[in-house]
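Residue-level structure breakdown
Chain by chain, the residues run as shown.
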There are 2 protein chains.
Amino acid sequence: MQTQVTLRDVARAAKVSVSTASRALAGGGLTSKSTEARLQRIATELGYRPNTLARGLKTRTTRLVGLVVHNLTNASFRVLAEVVQRRLRAEGYQALLCITADDPEQEAVTIETLTDQRVDGLIICPTGRNGALLAVLEANGTPVTCVVRRDETVELETVLAADPEGAFAGTRHLLELGHRRIGLIVGRQETTSGRERLSGYRRALEEAGIPFDASLVHAGRYEPETGLAGCRQLLDRDDRPSALFAANHESSLGVLRGLAERNIVVPDDISLLCYEDVPGFAWQRPAISVVDSGANAMAELAADRLLQRLRPGAAPPAATAREYRIGARLIQRQSCRPVAP
Amino acid sequence: MQTQVTLRDVARAAKVSVSTASRALAGGGLTSKSTEARLQRIATELGYRPNTLARGLKTRTTRLVGLVVHNLTNASFRVLAEVVQRRLRAEGYQALLCITADDPEQEAVTIETLTDQRVDGLIICPTGRNGALLAVLEANGTPVTCVVRRDETVELETVLAADPEGAFAGTRHLLELGHRRIGLIVGRQETTSGRERLSGYRRALEEAGIPFDASLVHAGRYEPETGLAGCRQLLDRDDRPSALFAANHESSLGVLRGLAERNIVVPDDISLLCYEDVPGFAWQRPAISVVDSGANAMAELAADRLLQRLRPGAAPPAATAREYRIGARLIQRQSCRPVAP
DNA sequence: CCTTGCTCCGCAAACGTTTGCGGAAGCAAG
DNA sequence: CTTGCTTCCGCAAACGTTTGCGGAGCAAGG
């Protein structure tokens, strides 16, 4: 347990006052060039490392930002975590990663903890039940940007996927291939993404003049079990759909299994399109066509926006917070094929 | 930007000194029961939250622990991150997640940053090139536990997978099914895990009295590309192996694709066994047999060990650090089948 | 020689806690 | 009434920085 070298030590070694040492190391030209250089040298010689706690206490800024997501297994969250942490680091910030399991309770204590740590900013995928806490943070001068999901109860900067367009594009793609009965496995309708993807699907149908058939959609959690259940339900119909549109990577696992169970082969017997791109989809045979929700771009933008507001010229929290949408992109691979109408 | 409520404020409101307020809220019975209760009440009424920076400055402890991994896409790291963060949180610690991309350079700055943040402890999957930095940390009283990989250059508490046994068990399983030519796709031989898995494979062969054939093993990074290359190489032989043992989840993606390319079906034409269990393997058809390296248990144990050393009764850094091994487990599913010898 | 202005640096006060030390009660015993 | 002990609390110092303010030194201008 040896003792850390403090600013006093380097000041003493250089025979200057602590304040001069501080200023010299800060380097804003508040000291002469010579002492600046000398102190830099002595500091590194002694292996001086500033105490971020003391500094934070004084300057009211830790270079910490909270990053809270539901889990790390979901691909979107995974890339969110990776990208955001990388971008933050490049700007000298550290990420405090927290996982809420989509549980408002845990989210609440997480937010409290992060405020206690005096984070400079927060990137969060909100459950939507703790808007008040977030609003307080923002009001106290800590920028908050929501991502992936919106918190409907409060006005905050938010970056989202273009789910309506993505689902629309995907569905239209299938329609253009001649499919008329398209099974949709989609997220819970309590979430924005669930609702928006369904609405995109409906709009595409509508534009093609095809009546909406509610029995063709199966809503549930983003889990393999949901995919399996949906797949079974849709396959047990007399007029089996000729194409399936799966909610995300995880539910697609269930769908693929459901198809395998019945020896239905993709794309010969049925077409399969998934939301959310993951490496596995590209490597798989047949490679799965997807509409990529743009997780990467979302993460980049979220980091950008927060970083922007973290910079000195802190734009005051605009009266009405901006909302950004990341375009979705259809990636055609081998899992969809045309059928005669 | 409203002002935070500080300990002074609650003290003033309660008409006691700051010290009494501090002691009352700490609750160690250093104040009378009545003032303790009164201050607790007033504190929550005012919404007082202690400033962790000030506290940390004084107590030289932050309740932060660094968690550094190579990435989040690899399943082991993903569960490591999830589990560790959950366990830490349960004990009142916060995880500082850092990603090094297996780059010693980045690892070095990461470690520096974490020491600057005065983390109380560190869980790290080391690259092996920064042992000195870690040793300094440990010597300065900050417990460090390594996980997944060992840093050979320095003595630190380490929790590892039982790779030799795992590879041995997997190989023996295939041998017991009658396989004689078993292709092995394995990690780079510069890493312990790569070497250990190969040695387990060799030992199983040896015990079965089968000569080791170096041309049956393909070493490379844990990536789909490696799996694909290895698969192709092994399949292009005249005496094609009747079973494949893949290094991990990611390389298995490549292997599966290589097999699909040649219309070789698992398990009818070839048996496939993978290292490292992920949900996808169980959902896939045929479900892939694996030897589970025990990522979950590893994470739990690593968290346990660190937490243990973080407790007040700080065991002094044992002269020679302990090394823990997590048992591997063979999970039989549908991708391996017996062959006539 | 005095004033003015500029450059560089030191003094000391903060930031919000925790904690050693000592003092003020209260009470019982002598 | 004094003594001694216990219980509770306040004073003030400390943790390691940053920063406003002012002072010393020096050069130039009047």
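From a predicted model like this one, the values you see are computed outputs, not experimental measurements.

Here we come to the overall build of chain A. Tallying secondary structure elements over chain A gives 13 helices and twelve strands in all. C-alpha extents for chain A along the principal axes are approximately 90 × 40 × 35 Å. Relative to its 341 residues, chain A shows a buried fraction of 54%. Considering only intrachain contacts with a sequence separation of at least 6, the fraction spanning at least 24 residues in chain A is 68%. Where the 43 positive side-chain charges of chain A centre and where its 40 negative ones centre are 9 Å apart.

Turning our attention to the nonpolar core. L72(A), V84(A), V147(A), L72(B), V84(B), V147(B) and V159(B) are the most contacted members of the largest nonpolar core, which has 57 residues in total. With eight residues, helix α13 (residues 295-310) of chain B is the largest single contributor of residues to this core. In contact with V159(B), other than residues within four places in its own chain, are C146(B), V147(B), V148(B), M298(B), L301(B), A302(B), Y324(B) and I326(B).

The subject of this paragraph is the domain arrangement of chain A. Here chain A is partitioned into domain 1 (7-50), domain 2 (64-161 + 296-326) and domain 3 (163-292). Relative to domain 2 of chain A, the C-alpha centre of domain 1 of chain A lies at a distance of 36 Å.

Quick look at helix α5 (residues 75-90) of chain A now. Residue and element names in this part refer to chain A. Its 16 residues give α5 an end-to-end C-alpha distance of 23 Å, which sits within 8% of 22 Å, the value for a rise of 1.5 Å per residue. By the criterion of burial, α5 is predominantly enclosed, with 14 of the 16 residues buried. The backbone nitrogen of S76 has a side-chain oxygen 3.0 Å away, supplied by the residue at the start of α5, namely N74. Positive backbone phi, approximately 85°, marks G92, located one or two places after α5.

Of the residues lining the interface, 49 residues belong to chain A; the matching set on chain B comes to 49 residues. The largest contributions to the chain A side of the interface with chain B come from L53(A), R118(A) and W283(A), which together make up 16% of the buried area. At the boundary of chain A and chain B, one finds four salt bridges. Ionic pairing is found between D116(A) and R49(B), a salt bridge with its closest N-O pair at 3.5 Å. Linking chain A with chain B are 13 residue pairs in polar contact (both at pLDDT 80 or more). Among the elements of the structure, α4 (52-59), α5, β2 (94-99), α6 (104-116), α10 (224-235), α11 (249-261) and α12 (279-283) of chain A are those that each provide at least two residues to the side of chain A that touches chain B. Counted by class, the side of chain A that touches chain B contains 21 nonpolar, 18 polar and ten charged residues.

What follows concerns the sheet that holds strand β8 (residues 243-246) of chain A. All names here are of chain A. Read across the sheet, six strands follow the order β7-β6-β8-β9-β10-β12 without closing on themselves; strand pairing throughout is mixed. Edge positions in the sheet fall to β7 (217-220) and β12 (329-331), since each has one partner strand and no second. Going across the sheet, the axis of each strand differs from the next one's by a mean of 15°, ignoring polarity. Looking at chain direction, strand β10 (residues 289-292) and β12 are connected through three bridges and run antiparallel. Counted as the bridge partner of V291 is L330 from β12. Contacting β6 (182-187), β8 and β9 (271-275), α11 runs over the sheet at an angle of about 150° to β8.

With that settled, the discussion passes to the sheet that holds strand β10 (residues 289-292) of chain B. Residues and elements named next belong to chain B. Pairing in this open sheet of six strands is mixed, and the strands run β7-β6-β8-β9-β10-β12 from one edge to the other. Two strands close off the open sheet at either side, each with one partner strand: β7 (217-220) and β12 (329-331). Taking each pair of neighbouring strands and ignoring which way they run, the sheet shows an average axis angle of 15°. Taken together, the three bridges between strand β6 (residues 182-187) and strand β8 (residues 243-246) define a ladder with parallel strand orientation. Note on β8: the bridge partner recorded for I182 is A243.

Moving on: the protein's contact with DNA strand C. Taken together, 24 residues sit near DNA strand C, with T20(A), R23(A), L7(B), S22(B) and K58(B) positioned nearest. Counting only the atoms of DNA strand C that lie within 4 Å of the protein, the sugar and phosphate share comes to 63%. R23(A) is positioned with one of its side-chain polar atoms (N or O) 2.4 Å from a base oxygen of DNA strand C. At a separation of 3.1 Å, a phosphate oxygen of DNA strand C approaches a polar backbone atom of S32(A). Secondary structure elements with two or more residues in the surface near DNA strand C: α2 (18-26) and α4 of chain A together with α2 (18-26) and α4 (52-59) of chain B. For the surface near DNA strand C, the element with the highest residue contribution is α4(B), accounting for four residues. Partitioned by chemical class, the residues of the surface near DNA strand C number six nonpolar, eleven polar and seven charged.

All right, on to the packing of helix α1 (residues 7-14) of chain A against α2(A) then. The angle between the axes and the distance between the axes are what describe a pair of packed helices. Residue and element names in this part refer to chain A. Two elements in contact, α1 and α2, have axes whose closest approach is 8 Å; the angle formed by their N-to-C orientations is 100°. Looking at the two axes, α1 sits roughly perpendicular to α2. Of the residues in α2, those touching α1 at L7, R8, V10 and A11 are V18, A21, S22 and L25. Of the residues belonging to the contact of α1 with α2, the class tally is six nonpolar, one polar and one charged.

Here E107(B) shows up in helix α6 (residues 104-116). Non-local contacts of E107(B), meaning those with residues more than four positions away in its chain, are made with T100(B), I124(B), C125(B), P126(B), T127(B), G128(B), R129(B) and N130(B).

To continue, consider the protein's contact with DNA strand D. Taken together, the neighbourhood of DNA strand D is formed by 24 residues, with L7(A), S22(A), K58(A), T20(B) and R23(B) sitting nearest. Considering DNA strand D, the proportion of its atoms within 4 Å of the protein that are sugar or phosphate atoms stands at 64%. T6(A) has a polar side-chain atom sitting 2.9 Å from a phosphate oxygen of DNA strand D. Note that a phosphate oxygen of DNA strand D is positioned 3.1 Å from one of the side-chain N or O atoms of Y48(A). No other element matches α4(A), which puts four residues into the surface near DNA strand D. Partitioned by chemical class, the residues of the surface near DNA strand D number six nonpolar, eleven polar and seven charged.

Calculation criteria
- Residues numbered from 1 in each chain as written.
- Chains lettered and ligands numbered in written order.
- Predicted model: local features only at pLDDT ≥ 70, side-chain atom pairs only at ≥ 80, totals over all residues.
- Heavy atoms only, no water.
- Helix = DSSP H or I, 4+ residues; strand = E, 2+ residues; numbered from the N terminus.
- Buried < 20%, exposed > 50% of the residue type's maximum accessible area, 1.4 Å probe, protein only.
- Contact = heavy atoms within 4.5 Å.
- Lys, Arg positive; Asp, Glu negative; His and termini not counted.
- Charge placed at Lys NZ, Arg CZ, Asp CG, Glu CD.
- Core = buried A, V, L, I, M, F, W, Y, C linked by side-chain atoms within 4.5 Å.
- Domains from an automatic or database assignment.
- Expected span 1.5 Å × (residues − 1).
- Polar contact = N/O pair within 3.5 Å; in protein donor to acceptor, adjacent residues only side chain to side chain.
- Buried area = accessible area lost by both parts, 1.4 Å probe.
- Salt bridge = Lys/Arg side-chain N within 4 Å of Asp/Glu carboxyl O.
- Nonpolar A, V, L, I, M, F, W, Y, C, P; charged D, E, K, R; others polar.
- Pairing = 2+ DSSP bridges.
- Axes fitted to C-alpha atoms, helices over the stretch in contact; angles between N-to-C directions.
- Near = heavy atom within 4 Å.
- Parallel < 35°, antiparallel > 145°, perpendicular 65-115°, else oblique.

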